Amino acid sequence: MIWMWLGWALVLTFGVVVFRGAPYVPSRRRYIKQAFTKLYPLGSKDVLVDVGSGDGIVLRIAAEYGARAIGLELNPVLVLISRLMSRRDKKVQVSLVDFWLTPLPDETTIVYAFMVTRDIKKITKKMQSEADRFGRPLKFITYGNRLPGREYDKALVGYALYTFVPLQIS
Ligand SMILES: C[S@@+](CC[C@H](N)C(=O)[O-])C[C@H]1O[C@@H](n2cnc3c(N)ncnc32)[C@H](O)[C@@H]1O
């Protein structure tokens, strides 16, 4: 009986998230590494935020390149798993939050997003308003989607790199 309840709890936890964003599908290690070398050479000057960080694979690879890596994840099971898997990475941090309702940390230099097409307009708006709030440019890597009507700096397989420049200094 307990297994049945646990099973339902898991189905609910993973199921509810799809109303707020993409379901859990991890990025491939090989592609992430290509993105952090050939698309945007990530380094110790960077603070990367993964919006919907899943099991934390992107964060751990970002830390391998010397960046500080912050994950924002809504699914508590994935937060637990990613914290366990990243426990030795001092540069990795994961918060249990809804990224739509959470401001980016002030130190953010680059945001990574693996999202569903439905959310692309909304994340474009959020990125622009965060760049405006910071009063400085903000880099953005999308995986699986391009931003309609916006030119990318560079593209590589499923990835595209964008720069959001502040429209007004707040
Ligand atoms: C496609 S997966 C990407 C996981 C990871 N970024 C990667 O590339 O391996 C999307 C993740 O976003 C999370 N997610 C969806 N909506 C969210 C929200 N509103 N706030 C925080 N996390 C969310 C899901 O739970 C899932 O883990």
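For the structure given in this document, a descriptive report is provided here.

What counts and what doesn't
- Residues numbered from 1 in each chain as written.
- Predicted model: local features only at pLDDT ≥ 70, side-chain atom pairs only at ≥ 80, totals over all residues.
- Helix = DSSP H or I, 4+ residues; strand = E, 2+ residues; numbered from the N terminus.
- Pairing = 2+ DSSP bridges.
- Near = placed C-beta within 6 Å.
- Nonpolar A, V, L, I, M, F, W, Y, C, P; charged D, E, K, R; others polar.
- Buried ≥ 20, exposed ≤ 12 C-beta atoms within 10 Å, placed from the backbone.
- Right-handed = clockwise from strand over helix to strand, strands pointing away.
- Axes fitted to C-alpha atoms, helices over the stretch in contact; angles between N-to-C directions.
- Parallel < 35°, antiparallel > 145°, perpendicular 65-115°, else oblique.
- Left-handed = near helix turned anticlockwise from the far one by under 90°.
- Contact = placed C-beta atoms within 7 Å.

**Some details on the environment of Val 79**
And step 1. Of note, Val 79 is situated in helix α4 (residues 76-85).
And step 2. The sequence separation of Val 79 and Asp 55 amounts to 24 residues, and the corresponding C-alpha distance is 7.1 Å.

**A word on the pairing of strand β7 (residues 159-164)**
Sheet faces and side chains relate simply in a regular strand, where the side chains alternate between the two faces.
And step 1. Relative to β7, strand β5 (residues 138-143) is paired through six bridges, and the arrangement is antiparallel. Its bridge partner being in β7, Thr 142 is matched across the sheet by Ala 160.
And step 2. Between the end of strand β6 (residues 154-156) and the start of β7, which pair antiparallel, lie two residues, with Val 157 showing a positive phi angle near 35 degrees.

**Concerning the site of the ligand**
And step 1. Taken together, 23 residues are adjacent to the ligand, and Gly 21, Ser 27, Gly 52, Gly 54 and Leu 74 come closest.
And step 2. Elements with a minimum of two residues in the shell around the ligand: α3 (57-64) and β2 (68-73).
And step 3. Here the residues of the shell around the ligand are counted per class, giving 13 nonpolar, six polar and four charged.

**Quick look at the environment of Ile 70**
And step 1. Structurally, Ile 70 is set in strand β2.
And step 2. As a C-alpha pair, Ile 70 and Met 115 span 45 residues in sequence and 17 Å in three-dimensional space.

**Points about the pairing of strand β4 (residues 110-114)**
And step 1. Among the five residues of β4, five are classified as buried, and the element is accordingly described as predominantly covered.
And step 2. The side-chain alternation of β4 yields two buried faces, one formed by Ile 110, Tyr 112 and Phe 114 and the other by Val 111 and Ala 113.
And step 3. Bridging between strand β1 (residues 47-51) and β4 involves three bridges; their strand directions are parallel. Bridged to Val 49 within β4 is Val 111.
And step 4. Taken together, β4, helix α5 (residues 120-134) and β5 form a β-α-β motif whose crossover is right-handed.

**Overview of the packing of helix α2 (residues 29-39) against α3**
And step 1. Closest axis-to-axis distance for the α2/α3 pair is 10 Å, and the angle between their directions is 45 degrees. Taken together, the axes of α2 and α3 lie oblique to each other. The two elements α2 and α3 cross, and the hand of that crossing is right-handed. Note on element contacts: α3 touches α2 through Ile 57, Val 58, Ile 61 and Ala 62, opposite Arg 29, Ile 32, Lys 33 and Phe 36.
And step 2. Classifying every residue of the contact of α2 with α3 by side-chain character gives six nonpolar, no polar and two charged.

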